[in-house]
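Structural characterization, general
One-letter residues, chain by chain:
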Amino acid sequence: MEPAFQGIDVTYKSEAQKADNKDIRDLLFSLVPQARAQMKSMAKSFRGRNEEETCRNIFDYIISEKKPSVDNAAHIAESEFDPMFCKESIRAEWTRRYPVFAWRAGWLYQQLLKLMCFKVISGLSESFVVVDSDTIFLRDVPFVPGKYYFCKTKEYHPPYLPPIRALLGVVETIGFSCVTHHSIFNSRFLQAMIGEIEARHRLPLVEAILRHLDFSEPSCFSEWDLYANYMILRHPKVTRRRQLRWADIKEQPSSVQLAAYAKKYDFVSCHAYLRSD
């Protein structure tokens, strides 16, 4: 039995166009089978072994040293990564190699957390989106499991390139940066990338990365660009360029400012190094 629609004869366009509620209803009905099929397909990527695990796959995870006061989010303590690597060991290596910039150890550490989080978070879906905590999405941005979306950015930092070439064993990189402070990752592709790097260098991933960094350069590595180069060079058929619009801003925005930014941008990032607070 079809659902009842009120105001079926109300015209929403001009008299000349003759488009009414029935046109809208017919269009929606025609799209329902395809929409249901897509929903069923996408739902498979979130399904866990039980209801609780399925919910955890859908809700957010926050990785931090201390548990934040954020509703509907599961906290992952940084200490859970200690068996693989820790901030103190990275700081010690930077101190040994170039002590002037050892304070940057935390910046490098948070990049490694992103690359390795799928090994720590139990029940994480195969495809998942990682977002820096200072990045705020202003519009709905869809992601399809199994696909890798990237943007070409202005943040092309030459010191990022030598480690990427060495780790992936390539002469030429993709020729642009994909640093947008968020990314969709896939644990299967991440594991393949890590396996390739570890086999090539005969070292665990973190040790291989540390071996190839120039510690005299305070910004010497990009997790976003490493994964982007791997995906675009090794798995081009699942990559999609999607040029979002965003801005790096100098303040923690108010709700009024966010509403204004939303008229122009898909997201904004309010990096600590740009802020005066």
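Here we summarise the structure given alongside this text.

Conventions used here
- Residues numbered from 1 in each chain as written.
- Predicted model: local features only at pLDDT ≥ 70, side-chain atom pairs only at ≥ 80, totals over all residues.
- Heavy atoms only, no water.
- Salt bridge = Lys/Arg side-chain N within 4 Å of Asp/Glu carboxyl O.
- Helix = DSSP H or I, 4+ residues; strand = E, 2+ residues; numbered from the N terminus.
- Buried < 20%, exposed > 50% of the residue type's maximum accessible area, 1.4 Å probe, protein only.
- Axes fitted to C-alpha atoms, helices over the stretch in contact; angles between N-to-C directions.
- Parallel < 35°, antiparallel > 145°, perpendicular 65-115°, else oblique.
- Left-handed = near helix turned anticlockwise from the far one by under 90°.
- Contact = heavy atoms within 4.5 Å.
- Nonpolar A, V, L, I, M, F, W, Y, C, P; charged D, E, K, R; others polar.
- Core = buried A, V, L, I, M, F, W, Y, C linked by side-chain atoms within 4.5 Å.
- Arc of directions from axis to C-beta.

1. Here's the deal with the pattern of salt bridges
Proximity of charged atoms lets side chains of opposite charge pair with each other. Counted according to the given criterion, the structure contains 9 salt bridges. Among the ionic pairs, Lys 114 bridges to Glu 223, the shortest N-O distance being 2.6 Å. You can see Lys 114 sitting in helix H4 (residues 105–116) and its partner Glu 223 sitting in helix H8 (residues 223–234), a full 109 residues away along the chain. By relative accessible area, which is 2% here, Glu 223 ends up buried. Between Glu 126 and Arg 188 there is a salt bridge, with its nearest N and O atoms 3.6 Å apart.

2. Observations regarding the packing of helix H3 (residues 87–97) against H4
Where H3 contacts H4, the axes come no closer than 9 Å and their chain directions differ by 130 degrees. The angle between H3 and H4 places the two elements in the oblique class. For the pair H3 and H4, the sense of crossing is right-handed. Taken together, the residues of H4 that come into contact with H3 (itself represented by Lys 87, Ile 90, Arg 91 and Trp 94) are Ala 105, Gly 106, Leu 108, Tyr 109 and Leu 112. Here the residues of the contact of H3 with H4 are counted per class, giving 6 nonpolar, 1 polar and 2 charged.

3. Focus: the nonpolar core
Residues Phe 81, Phe 85, Leu 115, Tyr 148, Met 193 and Leu 226 are the most contacted members of the largest nonpolar core, which totals 61 residues. One finds Leu 138, Tyr 261, Val 268 and Cys 270 within the second-largest nonpolar core, a separate group that totals 7 residues.

4. What to know about helix H5 (residues 161–168)
Taken together, the buried positions of H5 are occupied by Leu 161, Pro 163, Ile 164, Leu 167 and Leu 168. End-on view of H5: buried residues confined to an arc of 165 degrees, all on one side of the axis. Considering only its buried residues, H5 is in contact with helix H6 (187–201), helix H7 (205–211) and H8. A positive phi of about 70 degrees marks Gly 169, the residue just after H5.

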